[in-house]
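Structural overview
Chain by chain, the residues run as shown.
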Amino acid sequence: MKFKFAVDRGGTFTDIIARCPSGEIKVMKLLSVDESYPDAPREGIRRIIAQETGVDIKGPVDASAIEWIRMGTTVATNALLERKGERMALLITSGFRDLLHIGNQARPKIFDLSIAMLENLYEEVLEIDERVVTDRTDCQLSPELKESWKTGTTLNNEKVWIAKEIDLDSVRSSLIGLKNKGIKSIAILLLHSYSYPQHELKLRNLALSLGFSHVSLSSEVMPMIRAVPRGTTTSADAYLTPLIKEYLNGFSSGFTGLGQSQVLFMKSDGGLTPMEEFCGSRAILSGPAGGVVGYSKCCYDEYKVPVIGFDMGGTSTDVSRYDGHFEHTYESITAGVTIQTPQLDISTVAAGGGSKLFFRSGMFIVGPESAGAQPGPVCYDKGGSELTITDANLVLGRILPEFFPKIFGPNNNMPLNKDKTLELFNKLTDEINRFLEAQNDAKRMTVHEVAMGYVRVANETMCRPIRAITQGKGYDTSVHMLACFGGAGGQHACAIASSLGISSVFVPKYAGILSAVGIFLADVVYEAQEPVGKVYRKETISYFDAKFADLEKHCTEHLTKSMKFFKVEIERFLHLRYDGTDCALMCLPKDTTNSETTSKYGDFISSFVERYSKEFGFTIQGRDIIVDDIRVRAVGLTDKDSGQDLEIADSKIPDCKIKCDVYFDAVGLVESPVYLLSELKSDHSIQGPAIIMDSLSTILIEPAAIAEITKKGDILVRLESSLGRRVKIGTELDTIQLSIFSHRFMSIAEQMGRILQRTSISTNIKERLDFSCAIFGPDGGLVSNAPHIPVHLGAMQEAVQYQLQTLVDDLKPGDVLLSNHPIAGGSHLPDLTVITPVFLKSGGNGKPIFFAASRGHHADIGGITPGSMPPHSKSLWEEGAVFTSFKLVSEGTFREKELIDELNAPAKYPGSSGTRNLQDNLSDLRAQVAANQKGINLILDLVDVYTLEVVQAYMLHIQTNAEVAVRQMLRDFGQSLGTNVLEASDFLDDGTEIKLTVTIDSDKGNATFDFTGTGYEVWGNLNAPRAITVSAIIYCLRCLVAQDIPLNQGCLVPIKIINPQGNILCPSEDAAVVGGNVLTSQRVVDVILKAFQACAASQGCMNNVTFGHETVGYYETIAGGAGAGPTWHGRSGVHTHMTNTRITDPEILEKRYPVILQHFSLERGTGGVGKFNGGDGVRREVMFRRNMTLSVLSERRAFSPYGMKGGSDGCKGKNLLKTRNKTINLGAKTSVPVKPGDVFILLSPGGGAYGTAD
């Protein structure tokens, strides 16, 4: 028998577990980087072999005694985070050099004016003059246009057009130029290469012949449709793989004879792969994946109940779920890079032991900033001056310095410094008590109460992603077991489980190194995948089965011949979606008896329909199901090592080592026994409160919990179920509970959004994410709004309050309201708002106790043009169906007939039509009702726990907290600007002025926003309902506060709005408003930010484009340049301010619609020039392949986005139509017929600059 090693090389520590030839298990933890050794994994292996054999090893390690080494590593993740990968260049189809920069055009944080985003990985871009075009039966392009086109055949034997063949000679000199600059690695992304890879293959051969060391092809890294995520994944692969190879070479060089040992690496999907096949794009979650495999083997295999993995580290916490099958996701974002590869579904939240603690405007805040390893928490005594969760646990007695090594202090030789931590906690406690005193709150907090408060807030922060992966996906959280691991998790697991209603916590014996254990127990996986793009029907089943057979043979031979596996299991997947949708699911088959309509491998369609129904709440009857990809996953099974059983204890109660005081919520300081895990035996039972110390972690057993030691040495903690238990707190403000309720309310709004996205059917809601969800108090005031679409923020509150005032005596249990009218808080007609009032089941005064609401942009609700976004509408009726206070559901009955009648009502007007997409309307409205019901159920759960009085009290407290933050911001602005009166104005393209005077009372923190002097209502559709102005103000206030405060009605309490009736911001009730929502709203934001001198103007437009014909319609909004600010350059090619919707991927666009996207990149030089430059707009060129109607609704074509403080203006936008013999300027707003071969060119505005250029 030989040594077997599993290694988890993390960013800070390297964990090693080994089975020695004697059968003994050895574990070791080392610093990943230390001057005393060159490589931590190799050093750990050397030390364990030396300990076991008694031979001091000098020089390279002899690998003849090693059977295998398995490793997971964060080398790739850390390189991505720190941007320390290989210098690389991107080769991309001509016209798309900035495609990966623009991405989906959405910004990650909607209130961050600087739009801070990590830059792309590539250093240079080389555009390749080639083009592949999809074949379409509805293409009407003339033969002359297609004269030079050639035909090609895809991997699945379908026809494509080669509109431009690649010219390698012209590429050669450019590649030589890149190589001369020191570029060694290449990523290649050509449009439609997922199905037609020939051009990419030719480029790779050329690049390798010229001496490039590495080339990544998008057609091989991830052969799936959608160019942007495929391209970013390929870039990551080219950026990281050379670094990984360099690391592997360095690791291998420390051994002799390593070729005779099996060396495997953990991939992001939870499977192992040979060292020589390990690559950057599959390595991102290498370490965390080991943890998921670890608890699945240690916990699920033993108890057979669904498990939630809870891995709490120093800077973040990973949560995941396992119920007998690994849950994979095929797209995620790591360090700002979209990765499209199979990976375990792991959610990360920025809350860990090193998370910093803040007190802001009366609220306890934990993270997301982290102290890191250097300088670390205050108690490390390495220069850290900001308190962390680790410091809080130390103060509470949950961390025991005497059990920690003396590796702290300036010279790394001192114990944890509790005195310094207490000193800073005393200062923080004094600050909190001064705030409470200023608020006339008689309560005073102790240091322990403050520290405990932060721990409770951190726990709630970590509960949010757990609720998202369980409740958010339709699972009952309480039926799970919580598997706790990671260095800090044991101090929080019991409290988190209790908060979630979970009654058992599993702490593996090797919890501190569980990722290494998972790597030890993992199977070897080899996968193959090919694109298909065929309809699943009786005639195509034989094709799929033949493909499966080919891929299975390839994968099996790889594992049996190359890697000598005797036990191989095959998993077969089809990547399925309904025709006309983007939402594809990777499906395993269900067992079935063979029939002519199913594959011989099983029933994929039943599996898809069942899973789709569970995920999204509905199925689409009569719609074709498309097979996008075929995938085979071959699993080489590892022999499971069950390990040795512990000695059985003579007595149930063990001897404790020492006793110490530990602080618990609602109990206070309690003398608690401390046990060493190494001294505990099977069947030992420990009654909480207690602490179990492991050499690698600390496990806190809460009062009333019981910990049992299993026969394998794991800890099983059983808690009293908290389900149905009422928490007794008062209605008076408690700053800790304030933070907890803030998290709970926000979590509810987020889960409503997930339900709406899952259950909706339209592209606008499901894929472009043009929706918002929120909860409201009994007065209709906004309590919590998930950060979805900014233009919806204040408008939804106006909509709820209108219904409350109008239907005050006509609201009954089971009613659901539908509204979109501008006088009723609507933004524009396609935004349909569904409002659900909630009543007490018994008792009460017959009035709603709160409301849930959701607003979604429907693709069509009738009117004079498809898409219900007419550029030239003059009256509201031209824009579609109108709902003021329509009962969508009346006392539990869905009023479908009446709804259909209203949606078709616009047809009674001349030149107008009823809805053109009735079934999508009905489905999406049902989805909105379901999302509201989800929010209601979650709030009623809160009511069951805390009482209605307490929940309503904290709705008010959270609004008051937002009010406090805004008042402080106004005071600060009044003092910093040196004036209490701020003025600004700007113009719409038709010359209408938006004028604002802000008067600030710096003493009280009040402000008046006075729009007197703004231009009259217009004969057009730029009129903006009052709710739009409210949304713009609340958005700007939240941006100006510049900290994470609850976004709710409280923000507006210090604000008085003067908006005279009859101006463009307060129009008559029949005024056309479709442009007011998407265009005027942006100008209002520009004027407010101009008044506060916050930043230069952004593009000030959403660039609305609609095209279609009788049966097809498409709508998109297009990015532009962001304005620069006092410390930042404006971001280029991004959506700004009042919108944040995504744009359709180029390959999806061309696959689904009769167009060719010829160009989509930044239009350089369109941003203003200054000390900080404005962001550039974009250039987007679309060629039409058949007769259609094009509609454009845009702004900033006449007036430039302003610069600030001496910075120059951004460039205006343009809308051009290039026909066969001329180019026409279409103006800002138009609707025109287009012919095959016509090209629409949109140049979006740039952002203004800030400050005078040096």
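A quick note: this is a predicted structure, and the numbers were derived from the prediction, not measured. (Residues numbered from 1 in each chain as written. Predicted model: local features only at pLDDT ≥ 70, side-chain atom pairs only at ≥ 80, totals over all residues. Heavy atoms only, no water.)

Some details on the overall build of the protein
- Helix and strand counts for the protein stand at 24 helices and 57 strands.
- For the protein, the C-alpha radius of gyration of 31 Å lies close to 33 Å, the compact-globule estimate for 1254 residues.
- The C-alpha extent of the protein, read off along each of the three principal axes, is 90 × 80 × 70 Å.
- Taking all 1254 residues of the protein together, the buried fraction comes to 63%.
- Considering only contacts within the protein whose residues lie at least 6 apart along the sequence, 71% involve residues at least 24 apart.
- Averaged over its 127 positive side-chain charges, the protein has a centre that lies 2 Å from the centre of its 145 negative ones. (Helix = DSSP H or I, 4+ residues; strand = E, 2+ residues; numbered from the N terminus. Rg over C-alpha atoms; globule rule 2.2 N^0.38 Å. Buried < 20%, exposed > 50% of the residue type's maximum accessible area, 1.4 Å probe, protein only. Contact = heavy atoms within 4.5 Å. Lys, Arg positive; Asp, Glu negative; His and termini not counted. Charge placed at Lys NZ, Arg CZ, Asp CG, Glu CD.)

Quick word on helix α2 (residues 75-82)
- Regarding α2, the residues found buried are Val75, Ala76, Thr77, Ala79 and Leu80.
- At its buried positions, α2 is contacted by β1 (3-9), β5 (66-73), α7 (227-252), β19 (332-334) and β20 (337-339).
- One or two residues past the end of α2 sits arginine 83, with phi positive at roughly 55°.

Section: the sheet that holds strand β57 (residues 1239-1243)
- Read across the sheet, five strands follow the order β51-β52-β57-β54-β55 without closing on themselves; strand pairing throughout is antiparallel. The open sheet has two edge strands with one neighbour each: β51 (1155-1162) and β55 (1223-1225). Strand-to-strand twist in this sheet, taken as the mean axis angle between neighbours without regard to direction, amounts to 15°.
- Where strand β52 (residues 1178-1184) lies against β57, five bridges are found, and the strand directions are antiparallel. (Pairing = 2+ DSSP bridges. Axes fitted to C-alpha atoms, helices over the stretch in contact; angles between N-to-C directions.)

Focus: the pattern of salt bridges
- By the definition in use, this model includes 55 salt bridges.
- As a salt-bridge pair, arginine 230 and glutamate 1147 come within 2.8 Å of each other at their nearest N and O atoms. Here arginine 230, found in helix α7, pairs with glutamate 1147, found in helix α24 (residues 1146-1152); they are 917 residues apart in sequence, far enough to count as distant.
- A relative accessible area of 0% means that arginine 230 is categorised as buried.
- Assessed through its relative accessible area of 0%, glutamate 1147 is described here as buried. (Salt bridge = Lys/Arg side-chain N within 4 Å of Asp/Glu carboxyl O.)

Considerations on the environment of glycine 780
- Along the chain, glycine 780 falls in the loop between β38 (771-776) and β39 (782-785).
- Residue classification places glycine 780 among the buried residues on the basis of a relative accessible area of 0%.
- Each C-alpha atom, one on glycine 780 and one on glutamine 805, is 9.4 Å from the other, the two residues being 25 residues apart in sequence.
- Non-local contacts of glycine 780, meaning those with residues more than four positions away in its chain, are made with Gln797, Val800, Gln801, Leu804 and Phe851.

Structural notes on the packing of aromatic side chains
- Per the stated rule, a full pass over the model turns up 31 aromatic pairs.
- An angle of 15° between the planes, with centres 5.6 Å apart, marks the rings of phenylalanine 3 and phenylalanine 5 as stacked.
- Summarising the aromatic geometry, the rings of tyrosine 578 and phenylalanine 608 are spaced 5.1 Å apart at their centres and angled 65° between planes, so their arrangement reads as edge-to-face. Here tyrosine 578 is found in strand β28 (residues 568-578), whereas its partner phenylalanine 608 is found in helix α15 (residues 604-616), with 30 residues between them in sequence. Note on accessibility: tyrosine 578 and phenylalanine 608 belong to one class, buried.
- An aromatic cluster is present here, built from Phe359, Phe364, Phe435 and Tyr454 joined pairwise through their rings. (Phe/Tyr/Trp six-rings, centres within 6.5 Å; stacked < 30°, edge-to-face > 60°.)

Concerning the nonpolar core
- Grouped together as the largest cluster of nonpolar side chains are 122 residues, with contacts concentrated most on Phe425, Tyr454 and Leu482.
- Of all hydrophobic cores here, the second largest spans 80 residues; its members include Ile16, Tyr247, Ala283 and Phe1107. (Core = buried A, V, L, I, M, F, W, Y, C linked by side-chain atoms within 4.5 Å.)

Section: the side chain of serine 281
- Summarising the element assignment, serine 281 is placed in the loop between β15 (272-274) and α8 (286-303).
- A polar side-chain atom of serine 281 sits 2.9 Å from a polar atom in the side chain of aspartate 237.
- Those residues within four positions of serine 281 in sequence are excluded, and the remaining contacts are Val221, Thr233, Asp237, Ile339 and Thr341. (Polar contact = N/O pair within 3.5 Å; in protein donor to acceptor, adjacent residues only side chain to side chain.)

Some thoughts on the sheet that holds strand β42 (residues 850-857)
- Strand order in the open sheet formed by seven strands is β39-β38-β42-β41-β40-β43-β44, and the pairing between neighbours is antiparallel. The open sheet is flanked by β39 and β44 (893-894), the only strands paired with a single partner.
- On top of the sheet, helix α20 (residues 918-946) reaches β38, β40 (816-819), β41 (831-838), β42, β43 (886-890) and β44; it is set at about 35° to β41, its chief contact.

Regarding the packing of helix α10 (residues 418-438) against helix α11 (residues 447-469)
- In the contact formed by α10 and α11, the axes pass within 9 Å of each other and the chain directions differ by 90°. Classified by the angle between their axes, α10 and α11 sit roughly perpendicular to one another. Contacts between α10 and α11 involve Leu422, Phe425, Asn426, Leu428, Thr429 and Ile432 on the former and, on the latter, Val447, Val450, Ala451 and Tyr454.
- Of the residues belonging to the contact of α10 with α11, the class tally is eight nonpolar, two polar and no charged. (Parallel < 35°, antiparallel > 145°, perpendicular 65-115°, else oblique. Nonpolar A, V, L, I, M, F, W, Y, C, P; charged D, E, K, R; others polar.)

Thoughts on the state of the cysteines
- Applying the stated criterion across every chain yields a total of zero disulfides.
- In this structure cysteine 20 is not part of a disulfide, and its nearest cysteine sulfur, from cysteine 298, lies 18 Å away.
- Among the cysteines around cysteine 1036, which has no disulfide bond, cysteine 1039 carries the closest sulfur, lying 6.2 Å off.
- Residue classification places cysteine 1036 among the buried positions, given a relative accessible area of 1%. (Disulfide = S-S within 2.5 Å.)

Some words on the environment of serine 772
- Within the element layout of this structure, serine 772 appears in strand β38.
- Overall, serine 772 belongs to the buried group, its relative accessible area being 0%.
- Counting along the chain gives 16 residues from serine 772 to histidine 788, while the straight-line C-alpha distance between them is 5.2 Å.
- Non-local contacts of serine 772, meaning those with residues more than four positions away in its chain, are made with His788, Ile789, His792, Met796, Ala853, Ser854 and Arg855.

Points about the environment of glycine 1013
- Mapping glycine 1013 onto the fold places it in the loop between β47 (1006-1010) and α22 (1026-1041).
- Judged by its relative accessible area of 46%, glycine 1013 falls in the partly exposed class.
- The contact partners of glycine 1013, leaving out residues within four places of it in the chain, are Glu993 and Lys995.

Examining unusual backbone geometry
- Along the chain, glycine 367 connects to proline 368 via a cis peptide bond; the corresponding omega equals 5°.
- Glycine 688 connects to proline 689 through a cis peptide bond whose omega is 5°.
- Following the sequence through the fold, proline 689 ends up in the loop between β33 (685-687) and β34 (690-693).
- At arginine 83, a position not held by glycine, the phi torsion is positive, near 55°.

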